[in-house]
Amino acid sequence: MFKARPYPLLGGLLLSLAVSQAVAQPALTLGERLPGALENARLLGNDGFWPGAERLLAGKQGLQLLKADGQVLSQLEGRYKGLDLRTSGDGLLVASLDSKRQQALLVGLQREKGWSTPLYLPKRDFAIEGLCLYRDSARNSFLFLVGDEGVGEQWLVASADVPLASAQRVRGLSLPPMSEHCQVDDASDSLYVNEENVGLWRYGAAAEAPLQRRPVDLRAPFGALGKKTAGMAVVPGGLLALDPASATLHLYRQQGLRWQGDAALALAGLKDPEQVSLRQDGKGLDLLIVDDQGQQRARLDWQLPAVATPPATPVLPALVQTEPVPSFGDAADDPAIWVNAADPQHSRVLGTDKKGGLLVYDLAGKPLQDLRIGRVNNVDVRNGFRLGERSVDLAVASNRDHNSLHVFSIEPKTGEVAVLGEVPTPLKDIYGLCLFKDATGAIHAIANDKDGSFLQYRLDAPRGEIQGELVRRFATATQPEGCVADDRGQRLFIGEEDKAVWALDARADAPATLEQVIAVGGPVKADIEGLGFYPGKQRDYLVISSQGNDRYVVVEAKPPYRLRGSFSIGLNAERGIDGASETDGLDLTSANLGRPWSQGLLVVQDGRKRMPEGTQNFKYLAWSQVVEALKLD
């Protein structure tokens, strides 16, 4: 019987590495030893694509698909090391390392068609020590490479189980030194990596996941591991890991963000076991363990409770992305869509680079203008502003260098953006901003401060010089940022980042009475960031950037603010566009901008630019994608 105990880790973080409280340990029974030494062997999860197929081998004889009795069903000639696989309805996806070419590869196998043409990854500038496959919820397949001295990479290699014409590098990974083995639990998007003399680590496997690690187990005295760590296998809700130095198999079950050790089982007679794979049935696990002497079968009667599967969140691919912003780090922040009334297909997207200026893009994401006017944070646009004797459209941004409203004209026919001037404010740290056009046609700028203060200005330029009249003040209890106005309904929506989205009357002479739209908790996770308003023909919608879980939440924009669902933005394998995460600002329009934006356009800021990695940018989605995914009116 083992007792749970916390271990100090990483400067005070407590890791509860516990071996099961139950008296009876899982039973491990070693079976037959299969003849022949080899480097890599894996059990198949099932034989649905090829009845009787049991395991796959990689070595000097090539890639071999075998039955339980050792009969070779199919073979791909070559010399290979390293092996991982994923089964699909009609075949296998196999990843390995071509020993002659020193290149990682992906190859498909189908019973009727045989082996596909291998997809080789480009040669790397590091030695590849290990590799593993990952399939996300959108059925994109990725290959993780583990290299010398803590080098790692993630590559997109297949979509819908079909290998791509060329692999695309998604991101680099900073992994522990002396790492050689990895495995991915697709269901929980968990990448497990060993650090040979230290322990086991969990990373986020999703393409948009932050590069953060959590300990699964460490060597004693900080954890329950004996000497070393090597190969792993995953089962829903659990992990198996080998300690080759002590010939021990460790079993872990996941409990939230922690891993509980269930047992440490001796592998009597095995010499330096390095790899383990499994096939699950209703009673337990069949294991295949590879050690210095070859392959060893085993049976483990370990069963875990069924893992609850949360409802699937629709993953929508971005259709267009902008060129990255010039500034490094957390730079891109908030977009605004300007609709060209005369020629909608030549509309523009304005985006803030909060470290330097305002950018203007076309609908293909190409940059048209870069106005280096300071640290502008949020931006919004409205048409029909009287500038002296002429009419222009208006863009206003919050300038954090001067705590001012930075105002721009937009030429209605060309979309050319020009600086008009600034309206000073008494705010100490201006932050969010949005525009509102009242029933008389006057345009108001509503800006907020991190302390919760909101100031509403009526903008005017009777002699061609921009002016702002302060017409209303109100506040939230804690920090806000995003806001958006419904001009048609004369309503304003504001986001209090850690609390809720609120609605109030947008008119300057109306009381600022806050009405809750949706609170943090449930589908919305703090921080609440960008807000976008969609004025539909049948129904209006509010889109909320839920930064805490990288989701976009859609609610009806009128009481009782019915929740209609949420979605995430994933990568577009066909177009080579990564997904979006850590979104700050967003904007949308219901205007018909031509295909594919005939029902409107949604633009979001992407906080992590990948595939390839670079400075932040903005992603475009067709509103029709959201309508179809959430079954909107």
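Along each chain, the written sequence defines residue order, and numbers are assigned to residues from 1. It should be noted that, the model being predicted, local features are given only for residues of pLDDT at least 70 and side-chain atom pairs only at 80 or more, the latter also being counted only at that level, while totals for whole chains, interfaces and linings use all residues. Excluding hydrogens and water, the side-chain values take into account all heavy atoms of the structure.

Going by the annotation in an unreviewed UniProt entry, the name recorded for the protein is Phytase, with Pseudomonas ulcerans given as the source organism.

Undergrad: Could you clarify how one ought to interpret a negative patch on the surface in this entry?
TA: Patch building starts from residues that exceed 30% relative accessible area and form no salt bridge, then joins like charges within 9 Å and nonpolar side chains (Val, Leu, Ile, Met, Phe, Trp, Tyr) within 5 Å. Accessibility throughout is a Shrake-Rupley quantity obtained with a 1.4 Å probe, and a residue counts as covered only by protein chains that appear here. One side-chain nitrogen of Lys or Arg within 4 Å of one carboxyl oxygen of Asp or Glu is enough to make a salt bridge. When charges are tallied, Lys and Arg are placed among the positive residues and Asp and Glu among the negative ones, while His and the ends of the chain are skipped. Here the site of a charge means atom NZ of a Lys, CZ of an Arg, CG of an Asp or CD of a Glu. Residues Glu-129, Asp-148, Glu-149 and Glu-180 make up a contiguous surface patch of negative charge. Numbering goes from the N terminus for both helices and strands, where a helix is a DSSP run of H or I of at least four residues and a strand is a run of E of at least two. By the element assignment, Asp-148 lies in the loop between β14 (140–147) and β15 (151–159).

Undergrad: I keep staring at the layout of surface pockets and nothing clicks. Help me out?
TA: Regions of empty space are outlined by a rolling probe, equal in size to a water molecule, passed over the atoms. Of the voids in this model, the second largest pocket is the one considered here, and its volume is about 750 Å³. Around the second largest pocket sit 38 residues that line it, and Ile-337, Val-381, Arg-382, Asp-587 and Leu-588 are the ones nearest its centre. Listed by contribution, the elements that provide at least two residues to the lining of the second largest pocket are β30 (332–338), β34 (376–387), β38 (430–437), β42 (480–486), β46 (528–534) and β50 (586–589). Three categories are distinguished: nonpolar for Ala, Val, Leu, Ile, Met, Phe, Trp, Tyr, Cys and Pro, charged for Asp, Glu, Lys and Arg, and polar for the others, with Gly belonging to the last. Classifying every residue of the lining of the second largest pocket gives 19 nonpolar, seven polar and 12 charged. Detection works on a 1 Å grid of protein atoms alone, calling trapped sets that fit a 1.4 Å probe cavities and calling open sets with protein on both sides within 12 Å along at least five of seven lines pockets, with lining residues defined by an atom within 4 Å of a point. Grid points are joined across faces, edges and corners, and a volume is the space filled by probe spheres set on the points.

Undergrad: I tried to follow the sheet that holds strand β5 (residues 53–59) on my own but got confused; where do I start?
TA: Strands pair in a sheet through their backbones, by hydrogen bonds, and they do so in one of two ways: parallel or antiparallel. When DSSP locates at least two bridges between a pair of strands, those strands are taken to pair. Across the sheet, four strands lie side by side as β4-β5-β6-β7; this open sheet has antiparallel pairing. Of all strands in the sheet, those with a lone pairing partner are β4 (40–43) and β7 (72–76), marking the two edges. Averaged over all pairs of adjacent strands, the angle between strand axes in this sheet comes to 15°, irrespective of strand direction. Pairing geometry for β4 and β5, over four bridges, is antiparallel. Residue pairing for β5: Asn-40 is matched across the bridge by Ala-58. Note on definitions: angles span 0 to 180 degrees between N-to-C directions of axes, and those axes are lines fitted to C-alpha atoms, for helices only across the stretch in contact.

Undergrad: Help me understand the state of the cysteines, please; the structure alone is not making it clear to me.
TA: Any covalent bond linking the sulfur atoms of two cysteines counts as a disulfide. Two cysteine sulfurs form a disulfide in these notes if their separation is within 2.5 Å. Overall, the coordinates contain two disulfides when judged by the stated rule. Across the disulfide, Cys-132 is cross-linked to Cys-182 (sulfur-sulfur distance 2.2 Å). An S-S torsion of about -120° defines the bridge between Cys-132 and Cys-182 as left-handed. Placement of Cys-132 in strand β13 (residues 128–135) and of Cys-182 in strand β17 (residues 182–185) is noted, with a sequence separation of 50 residues between them. For the pair formed by Cys-132 and Cys-182, the shared burial category is buried. Note that Cys-434 is cross-linked by a disulfide to Cys-483, the S-S spacing being 2.3 Å. Residues Cys-434 and Cys-483 share a disulfide whose torsion about the S-S bond is about -120°; that sign makes it left-handed. Of the two residues, Cys-434 sits in strand β38 while Cys-483 sits in strand β42, which places them 49 residues apart along the sequence. Per residue, the accessibility class of Cys-434 equals that of Cys-483, and both read buried. Disulfide connectivity for the protein, with bonded cysteines indexed by sequence position, reads 1-2, 3-4. Relative accessibility thresholds used throughout: buried, under 20% of the residue-type maximum; exposed, over 50%; partly exposed, between the two (1.4 Å probe, protein chains only).

Undergrad: How should I be thinking about the pairing of β30 in this particular structure?
TA: Here β30 lies mainly inside the structure; seven of its seven residues are buried. Bridge count between β30 and strand β31 (residues 348–353): five bridges; the pairing is antiparallel. Residue pairing for β31: Trp-338 is matched across the bridge by Arg-348.

Undergrad: How should the pattern of salt bridges be read in this particular structure?
TA: Scanning all chains against the criterion turns up 40 salt bridges. In this structure, Asp-84 engages Arg-86 in a salt bridge whose closest nitrogen and oxygen atoms are separated by 3.8 Å. Put simply, Lys-354 and Asp-330 hold a salt bridge, and the shortest N to O gap is 3.2 Å. Remark: Asp-330 occurs in the loop between β29 (320–321) and β30 and Lys-354 occurs in the loop between β31 and β32 (357–361); sequence separation between them is 24 residues.

Undergrad: Would you explain the sheet that holds strand β18 (residues 190–195) in this entry?
TA: Taken in spatial order, the four strands line up as β17-β18-β19-β20 in an open sheet, and their pairing is antiparallel. One side of each edge strand has no neighbouring strand; the edge strands of this open sheet are β17 and β20 (213–218). Sheet twist, expressed as the average angle between the axes of neighbouring strands with direction ignored, equals 25°. Where β18 lies against strand β19 (residues 199–204), six bridges are found, and the strand directions are antiparallel. Each bridged residue has a counterpart across the sheet, and for Ser-190 the counterpart in β19 is Gly-204.

Undergrad: Just checking my understanding: could you explain the packing of aromatic side chains for this structure?
TA: For any pair of aromatic rings, geometry is given as the distance between the ring centres together with the angle between the planes. Pairing of aromatic rings covers Phe, Tyr and the six-membered ring of Trp, with a centre-to-centre limit of 6.5 Å; geometry is then stacked below 30 degrees between planes, edge-to-face above 60, and tilted otherwise. Here the structure, examined in full by the defined rule, presents 11 aromatic pairs. Summarising the aromatic geometry, the rings of Tyr-134 and Phe-142 are spaced 5.5 Å apart at their centres and angled 25° between planes, so their arrangement reads as stacked. Here the two residues Tyr-134 and Phe-142 agree in accessibility, since each one is buried. Summarising the aromatic geometry, the rings of Tyr-192 and Trp-259 are spaced 6.3 Å apart at their centres and angled 85° between planes, so their arrangement reads as edge-to-face. Placement of Tyr-192 in strand β18 and of Trp-259 in strand β24 (residues 258–266) is noted, with a sequence separation of 67 residues between them. Aromatic rings pair up to connect Tyr-134, Phe-142 and Phe-144 into one cluster. The residue whose ring lies beneath Arg-101 is Tyr-120, and the NZ or CZ to ring-centre distance is 3.6 Å. By definition, being over a ring means that NZ of Lys or CZ of Arg is both within 6 Å of the ring centre and within 35 degrees of the ring normal. A cation sits over an aromatic face here: Lys-450 above Tyr-431, 4.9 Å from the ring centre.

Undergrad: Please clarify how unusual backbone geometry should be interpreted in this entry.
TA: A cis geometry characterises the amide bond from Ala-220 onward to Pro-221, with omega recorded as 15°. Looking at the secondary structure, you find Pro-221 in the loop between β20 and β21 (232–235). Omega for the peptide link from Met-611 to Pro-612 comes to -5°, which places this bond in the cis form. Looking at the secondary structure, you find Pro-612 in the loop between β51 (601–606) and β52 (617–622). Non-glycine residue Gln-102 carries a positive phi angle of around 55°. For Gln-102, the position within the fold is in the loop between β9 (91–98) and β10 (103–110). The class for Gln-102 is partly exposed, based on a relative accessible area of 44%. Despite not being glycine, Met-178 has its phi angle at roughly 60°, a positive value.

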